[in-house]
Amino acid sequence: METDVVWNDQIPEKEGQKFCVYDIAISPDGSRLIAAVGNRVLFYRTSDGDLMESLKGHKDTVYCVTYSGNGTRFASGGADNVVIIWKSSGQGLLKYNHSAPIQKIAFNPTSIMLASCSEVDFGIWTPDQKQVAKEKVASRILSVSWSSDGNFLALGLLSGLISVRNQKAEELLKIERKAPVWCLAFVPESSAPSRSQSTGGQASASAAFDHADLLAVGSWEKTYSLYKMTPKGGILQSERKLAYYPLSIKAVNNVATKTNYLIVSGSNKQVQILSREGVKLADVSKVADSWIWSADSCAEEDTLAYGTNHGLIEFVKTKFDSVNSMSNDRFAYRENLTEVIVHHLITDKKVRIKCKDMIHHLSLFRNKLAVQLLDRICVYETNIDDEKDIHFRLRKERIILASASFNVESKAVTNLMIVTTNHVFTCLDQFLELYHQDGRRVRLWKMDAVICSLNMDGGKDGKEGILVGLVDGKVFRFYVDQPFPVEVAVRKAGVVFSCQNIYRTLIATIDHHHNLVVSETATQEIIYAMEGVHAACFNSEIDDLMCVTNANGTISVIAGLTSSESGTKSSLGRASSSALASPEVQEQHIQGKVVGFHGQKIFSTQRGILSSVDIPQEKNIQKALENSDFPTAYKIACLGATETDWRLLAMRALRGNHLLIAKNSFARLKDTRYLSLIEMIERHNVAHVGMDEAAAAAASHRSAPAADGNSLSVGRVRDRSGGRNAAGAAGAAAAPLPIAKQPSVAALEPRWLAEIMAMEGHYNEAAKLFARSGNVDESIRMFTLLRKFEEAKAFARSTGVGDVAELTTQQAKWLQEIKDWKGASDLFIGMGQYAYAARIIGDNANPENGADTKANKVWSAALLEIVRSCPMDDKETLTYCAEKLSILEDIAYAKEACIKATDYARLMTLYVQREMWTDAAKLADEYQGKFDMSVFASYAEWLVSQDRYEEAMEAFKKSGRMDLSRKVLTELTLNAVAEHRFKDAGYYYWMLAKELEVEVAQETAALSAASSSSSSSSSSKSVSQRETDGNGSNNNNNNNSNTLATKTMLISECEHKADLYYAYAVVYAYVMEPFTTYQPEMLFQVSRFIINSLGISDAIPQGISKTFTLYTLAKQAMRLGAYKLARNAYDRLSRLKIPSNKMEEVELDMLLVQAKPVRDDPEHLPVCYRCGSVNPLLNPFTNRFAKGDVCTNCGHPFVRSFINFDILPLVEFVPEPQISDDEAIEMIRQPASRSQVYLRNNGGGGGGAEGKYSEGGNGGRANILSFDDAPANHTNLDQSLLGDQESNDLFTHCLNATLERQKTSYVPVQVDSNTLLAMKRSEVFVCKPSSKSKRATFYKNMLPEISVAISQPCHRFFHLEDFEFAYLSEKQCPYSRLKAIGEYGSI
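Residues numbered from 1 in each chain as written. Predicted model: local features only at pLDDT ≥ 70, side-chain atom pairs only at ≥ 80, totals over all residues. Heavy atoms only, no water.

Draft legend 1. Quick peek at the overall build of the protein chain. When helices and strands are tallied, the protein chain shows 33 helices and 63 strands. Restricting the contact set of the protein chain to residue pairs at least 6 apart, pairs at least 24 apart contribute 49%. Accessible area of the protein chain: about 65700 Å², with a carbon and sulfur share of 49%. (Helix = DSSP H or I, 4+ residues; strand = E, 2+ residues; numbered from the N terminus. Contact = heavy atoms within 4.5 Å. Areas by Shrake-Rupley, 256 points an atom, 1.4 Å probe, with all protein chains shown as cover.)

Draft legend 2. Fine view of the confidence of the model for the protein chain. Summing up the model confidence of the protein chain, the mean pLDDT is 80 and the portion of residues at 70 or higher is 81%. Here residues 191-205 is a poorly scored stretch, pLDDT under 50, and it has 12 contacts once near neighbours within four places are set aside; other chains count. When the criterion is pLDDT under 50, residues 1243-1283 qualifies, and its contacts beyond four places in sequence or with other chains add up to 63 contacts. (pLDDT = per-residue confidence, 0-100.)

Draft legend 3. Seen up close, the nonpolar core. If you look at the biggest cluster of nonpolar residues, it comprises 72 residues, and the most contacted ones within it are Tyr-1064, Phe-1084, Val-1086, Ile-1090, Leu-1125, Tyr-1130 and Tyr-1375. Looking at this core, the elements that each hand over two or more residues are helix 21 (949-958), helix 22 (962-978), helix 23 (982-1018), helix 24 (1023-1072), helix 25 (1080-1094), helix 26 (1106-1120), helix 27 (1123-1134) and helix 28 (1140-1154). With 15 residues, helix 24 is the single largest residue contributor to this core. Not counting chain neighbours up to four residues away, the residues in contact with Phe-1084 comprise Leu-1113, Gln-1116, Ala-1117, Leu-1120, Ala-1122, Leu-1125, His-1164 and Leu-1177. Formed by 41 residues, the second largest nonpolar core is a distinct cluster that contains Ala-535, Leu-545, Leu-639 and Tyr-674. (Core = buried A, V, L, I, M, F, W, Y, C linked by side-chain atoms within 4.5 Å. Buried < 20%, exposed > 50% of the residue type's maximum accessible area, 1.4 Å probe, protein only.)

Draft legend 4. Layout of the pattern of salt bridges. This structure, assessed with the given rule, holds 39 salt bridges. Note that Arg-352 and Glu-339 form a salt bridge whose closest N and O atoms lie 2.4 Å from each other. You can see Arg-352 sitting in strand 32 (residues 349-354) and its partner Glu-339 sitting in strand 31 (residues 339-344), a full 13 residues away along the chain. Each member of the pair, Arg-352 as well as Glu-339, carries the same accessibility label: buried. Here Glu-997 ties to Lys-994 by a salt bridge, and the two come within 3.5 Å at their closest N and O atoms. Residue Glu-997 and its partner Lys-994 are both found in helix 23; the two are separated by 3 residues, about one turn of the helix. (Salt bridge = Lys/Arg side-chain N within 4 Å of Asp/Glu carboxyl O.)

Draft legend 5. Geometry of the packing of aromatic side chains. Following the criterion strictly, the structure yields 39 aromatic pairs and no others. With a centroid separation of 5.5 Å and an interplanar angle of 50 degrees, the aromatic rings of Tyr-987 and Tyr-988 are classed as tilted. Relative accessible area serves as the criterion here: at 6%, Tyr-987 is assigned to the buried category. Residue Tyr-988 is classed as buried on the basis of its relative accessible area, which comes to 9%. (Phe/Tyr/Trp six-rings, centres within 6.5 Å; stacked < 30°, edge-to-face > 60°.)

Draft legend 6. Just the side chain of Gln-1116, in detail. Take Gln-1116: it is sitting in helix 26. On the basis of relative accessible area, Gln-1116 is assigned to the buried category, the value being 0%. When near neighbours in sequence (up to four residues on either side) are disregarded, Gln-1116 contacts Tyr-1070, Pro-1080, Leu-1083 and Phe-1084.

Draft legend 7. Quick peek at the environment of Ile-26. Topologically, Ile-26 is positioned in strand 2 (residues 21-26). Note on Ile-26: relative accessible area 6%, which makes it buried.

Draft legend 8. Looking closely at the pairing of strand 6 (residues 62-67). A large share of strand 6 lies buried, amounting to 5 of its 6 residues. What sits between strand 6 and strand 7 (residues 73-78) in their antiparallel hairpin is a turn of 5 residues, with Gly-71 showing a positive phi close to 80 degrees. (Pairing = 2+ DSSP bridges.)

Draft legend 9. View of the sheet that holds strand 56 (residues 1210-1215). Strand order across the open sheet formed by 4 strands is 59-56-61-60, with mixed pairing between neighbours. The open sheet has two edge strands with one neighbour each: strand 59 (1309-1311) and strand 60 (1324-1327). Here the average twist between neighbouring strands, direction ignored, is 40 degrees. In this sheet, strand 61 (residues 1337-1341) lies alongside strand 56 in antiparallel orientation, the contact comprising 4 bridges. Considered in strand 61, the bridge of Phe-1213 is made with Phe-1338. Relative to the sheet, helix 29 (residues 1221-1229) contacts strand 56, strand 60 and strand 61, its axis offset from that of strand 61 by approximately 20 degrees. (Axes fitted to C-alpha atoms, helices over the stretch in contact; angles between N-to-C directions.)

Draft legend 10. Up close: helix 16 (residues 875-887). Compared with an ideal rise of 1.5 Å per residue, which puts 13 residues at 18 Å, helix 16 spans 18 Å between its outermost C-alpha atoms and is within 8% of the ideal. Of the positions making up helix 16, those classed as buried are Thr-877, Leu-878, Thr-879, Tyr-880, Cys-881, Ala-882, Leu-885 and Ser-886. (Expected span 1.5 Å × (residues − 1).)

Draft legend 11. Expanded view of the environment of Trp-646. Within the fold, Trp-646 resides in helix 3 (residues 643-655). Counting along the chain gives 28 residues from Trp-646 to Glu-618, while the straight-line C-alpha distance between them is 9.5 Å. Non-local contacts of Trp-646, meaning those with residues more than four positions away in its chain, are made with Tyr-634, Ala-637, Cys-638, Ala-641, Ser-665, Arg-668 and Leu-669.

Draft legend 12. Layout of the sheet that holds strand 3 (residues 32-37). The 4 strands are arranged 2-3-4-5 in an open sheet whose pairing can be described as antiparallel. Strand pairing shows two members of the sheet lacking a second neighbour, strand 2 and strand 5 (50-56), which therefore form its edges. In this sheet, neighbouring strand axes are inclined to one another by 20 degrees on average, regardless of whether the strands run parallel or antiparallel. Here 5 bridges tie strand 2 to strand 3, and the two strands are oriented antiparallel to one another. By the bridge assignment, Ile-26 is partnered in strand 3 with Leu-33.

Draft legend 13. Broad picture of helix 11 (residues 789-799). Among all positions of helix 11, only Phe-789, Ala-792, Lys-793, Phe-795 and Ala-796 are buried. Seen end-on, helix 11 carries its buried residues on one side only, within an arc spanning 165 degrees. Residues of helix 11 that are exposed and angled more than 90 degrees away from the buried face: Arg-797 and Ser-798. Lining the buried residues of helix 11 we find helix 9 (763-772), helix 10 (776-785) and helix 12 (804-817). (Arc of directions from axis to C-beta.)

Draft legend 14. Seen up close, the packing of helix 1 (residues 618-626) against helix 2 (residues 630-639). Between helix 1 and helix 2, whose axes approach to 8 Å, the crossing angle comes to 170 degrees. By the angle between their directions, the pair helix 1 and helix 2 is classed as roughly antiparallel. Of the residues in helix 2, those touching helix 1 at Asn-620, Ile-621, Ala-624 and Leu-625 are Phe-630, Thr-632, Ala-633, Ile-636 and Ala-637. The residue inventory of the contact of helix 1 with helix 2, partitioned by class, reads 7 nonpolar, 2 polar and no charged. (Parallel < 35°, antiparallel > 145°, perpendicular 65-115°, else oblique. Nonpolar A, V, L, I, M, F, W, Y, C, P; charged D, E, K, R; others polar.)

Draft legend 15. Geometry of the packing of helix 10 against helix 11. It is the contact of helix 10 with helix 11, at a shortest axis distance of 7 Å, that shows an interaxial angle of 160 degrees. What the angle tells us is that helix 10 and helix 11 run roughly antiparallel. Between helix 10 and helix 11 lies a crossing whose hand is left-handed. Contacts between helix 10 and helix 11 involve Val-776, Ser-779, Ile-780, Phe-783 and Thr-784 on the former and, on the latter, Phe-789, Glu-791, Ala-792, Phe-795, Ala-796 and Thr-799. Within the contact of helix 10 with helix 11, the residues separate by chemical class into 7 nonpolar, 3 polar and 1 charged. (Left-handed = near helix turned anticlockwise from the far one by under 90°.)

Draft legend 16. Expanded view of the state of the cysteines. This model, assessed by the stated rule, comprises 0 disulfides. Between Cys-355, a free cysteine, and Cys-378, which holds the nearest cysteine sulfur, the sulfur-to-sulfur gap is 6.5 Å. We classify Cys-355 as buried; its relative accessible area is 11%. (Disulfide = S-S within 2.5 Å.)

Draft legend 17. Broad picture of the pairing of strand 24 (residues 270-274). Across the 5 residues that make up strand 24, a large majority, 5, are buried. Relative to strand 24, strand 23 (residues 259-266) is paired through 4 bridges, and the arrangement is antiparallel. Looking at strand 24, one finds that Ser-265 is bridged to Val-271. Following strand 23, the chain reverses through 3 residues before pairing antiparallel with strand 24; Lys-269 in that reversal takes a positive phi of roughly 65 degrees. As consecutive antiparallel partners, strand 24 and strand 25 (residues 280-286) are separated by 5 residues, and within that stretch Gly-278 has a phi angle of approximately 90 degrees, a positive value.

Draft legend 18. Looking closely at unusual backbone geometry. Backbone geometry at Asp-429 places phi at a positive 60 degrees, although glycine is not the residue there. Along the polypeptide, Asp-429 turns up in the loop between strand 38 (423-428) and strand 39 (431-436). Residue Asp-429 is classed as buried on the basis of its relative accessible area, which comes to 9%. The backbone of Arg-504 sits at a positive phi, close to 60 degrees, despite the residue not being glycine. With respect to the helices and strands, Arg-504 occurs in the loop between strand 45 (495-500) and strand 46 (506-511). Among the residues examined, Arg-504 registers a relative accessible area of 8% and is labelled buried.

Written out as structure tokens, the structure is:
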């Protein structure tokens, strides 16, 4: 062990009084040191001894300091009864008090728990406690220690009592001593098995003490004691007398170096290292005339510090030398300074040998182990016949060192030891001793210089040799059985290490300056040198491989050192020379001191721990292969090579025609392919070589096994003795075994090279080699066997050898054999045989469930490729593909096949089978007339199941099932009413009306056609027959007319209900929803429209609540000032059943309306744009023909905007019966300048055929129309006829005439051609009829400044802005929900 004082600090005296360092502590990481000096806590940095801070906090002397286990806190206690806990940076954290001076404190090593001890009590502080509970003790506490697991706390008292407690301060056991216990410490108990102790035993009585630490106690009886704790008390394990009073004990456990010991200080004025049993191992330091009160250590950093009674603080760095030895598969090393661990590297078993004293040196050789203690050497041995035995037994004899007889005046420089089979070498200074293991000294040598190193050189039993290095640079070899040494090398500096390779041709040395020198043993010629080497050893299998430890601690492998004989080659192929060699240095990127190099394993130690690493031999093998030295490469590979290296060696040997090495290498790889190839080559050689040549070749192989690889014993064989030849002369260097010169080997034939290229996968190169050797057929056969038909066909085309068609056929058959249906199909497609290609795919397709599975997609893609490649006239193939694609459920591809084959019937069948009704219907539409339209019926039923009712109705219509379409629509309507979807109900009623209109139009057309056909046929019959037939036809016509009349009435009823439900949706939303976006004016108009439309009839459509409507009308009337209407509405509402949640509100409003004037706001009274009369807000139904939402005076229906339900300024009119709808529209569209031309071309005048007109001049002014037979109430028109005023006058004239003729029922205004011509097209709107049998309805905008829009599909009017906004927002008509509405303006 070596010690080095890093720094010290002498505390200055104060008034001639020296300060005592009572306690000292080092942080767990070793970076900080604290000391209790005076009333201060001194805070040092350990790296340089800088006093970082002198902490003030105590008012009196500080007695104790300690660090927490994690190093984040430290604590101090003193004579002021105060305990202070500090942060690691030196800032105070908290403090608490005792009732007496603090003597000792200690942190729990596993938690932030502090035990503080005073003269009368002790306490345990934890961070989660607000107060520290105190426990009284009978005597003053002098020492305290926690166990390593933090479960036990030991207290040493002045009375000699030792109290062991748990974390709750409960006492577990007591140990009584006769003197004060000034120091104690828990020591971890070793759990490793030892040779002398049994691994078994009885279990402890209490689980609490099963794994408890041992307790080391130093009492003032000048004794050291070691106790094992049990529930019954402490059992004394060992006890030793000390020559001083112990003051401090610290347990040190360095896990990295496996070192476990105690540091003890006291009145002997020094720090000592003791074993766990109390045996003194070493002195750390000695201070004159001063006790050492405290010492502490940082195990991981190998440092310790102590403080003396005179104020000296010293920080020391300790270093324990690594003591180990290795021999073959055994490795021995020192642990805990007093124990030896023997590790068997193969079985990974270990055994522990306890020596109790300090172990200085170890030497292991074969079955012998020598352990050097302070004054003796103990030799252990195992069974020599069992290489795995590691249970060493101690010999009875001891070797007592006789160093005193050497008469050495000065201290010895070194002390080394080597054990052999029967002897032990040891040295001291210049003396080398040889002892027999029975204790007798056999021989003594005195050298000319101090001995620096002893290294084993091996040999047979009883004839072993060692290498001895001297400080003057000389190296000698000593033999056990010979008295005279042999000088083997001379160096310039002292040799601290020396070793030789396995054949003793090279010797390597390391001097004091860490220079490695390798020289030849025979000539002592230096062949290699290297600086910065701390350890080295040769490989035990390869003679020119060496492993070294560099200055930075990394390990390198040196390969390619030359052999001893000039002109020969080393095992790695480098020729020797007189100059220094430059072998390859291979950095291994591993750390440690190398102790062994066996095969490919490097054994190294780092901080006493042995590790083994397998190094790759790739570079060494490649270097031998570069020099075509296949035997050496094979020998290196046998040490341990990867599969890649073996394959490289095998391939190189095969190409170089070294068949046996190649065969052995491939055998290791278990590569039967290449083994078969080598067997073919050998049979070929035997068949083509004569018997004489074969015999000569066999003899050549037997005579040179190392050269051509015909023997696995390649190279030199090392004997069991470890190096020395039994027949060699004593003292002579072992000569190298020569390597036989390799005979020349014939090159491998190109044919076999081609085979090798083919087996390596280089088929094109192999084919070229076959062709060069004249074996073109072999190339084609190779490609055929490899199933590389494309390459075979390409090679056949290029060389003109072989039938390409036959190769294609073989390829197709092979693809079918391996079930590559796609590949076979592609071949037949390429040959134009589409039917066969389709059959291959179709017959082997195995469809899985679901069209989206991966397998089905593959089959479908293959069939689709056939479909797209097949010509259109091959109907059979296309039909077959379509059928298979349908089975595979790939409808898209099947459709493509059917379309290409123009087989629409199969496509329709496919759609129907797969229930693809949408596609089926689309196909039926595209090819109308080719399929039965009943497919639309199934399509419609499917649409109904998908809740797509409107599309279902269209499908029923296409299938001719109008009844089912009507049934679906009726169900939709009733459901919408029942579910209070009143807008949907209005829409469905409108659709019913449209369907009825279509039916009426179709029936009317059919009736007209039947009448015309009957009239033409009756002209050829007799009078009696015509009378008979006429009676029957009249009856049928009457029935049809009744049916048409009924449907016409039903149309009117449906349109009426459609308007009511459309309007009522607004009322229902207003009443039922908590919030509404409708304006009061809109709600007012809607409710008026509903009340007026319902009239006084009790037949109210289902779902429409008159209560809700009157409630809405009353509320909005009150809001808009129509109080009279509000009174009327509330009066009518009071006679109806009102919902309970609205009752209170209605009653309150009825009271409020009584306070309002009995009149309506005139602004809200509707005005009829036809007759000009002002109507009441509600129709009183006093006029018999003015019922509904119409004018009460003339019966003209109010035309409302079906968004806000405002009354629009539109008046209905019709042309005279003689004027058709198209003629009327054409007249209205005529501009004013062309009116005369139109009248002339159409014989105008009065609008009838009899009307005549004439043209005349009027002083150059506009032409004037004059009518010869004009009615009496008409005057001749002048040029102002076409003006706005005159146009209105004409319409007003017609309007007045209609009002005069109207007696009992409403009659639309009838206008003549003049009026039509005078009208502006921007003011006229037309509702086009739904059938040709009906007339169009015309409306005139009486207030052109109000823009109006009309939706032609539903014949409903809107304010233009409202309609456009609604259409842009919803992309459809707000009433009919149709997207295509056409033009919505005037004509």
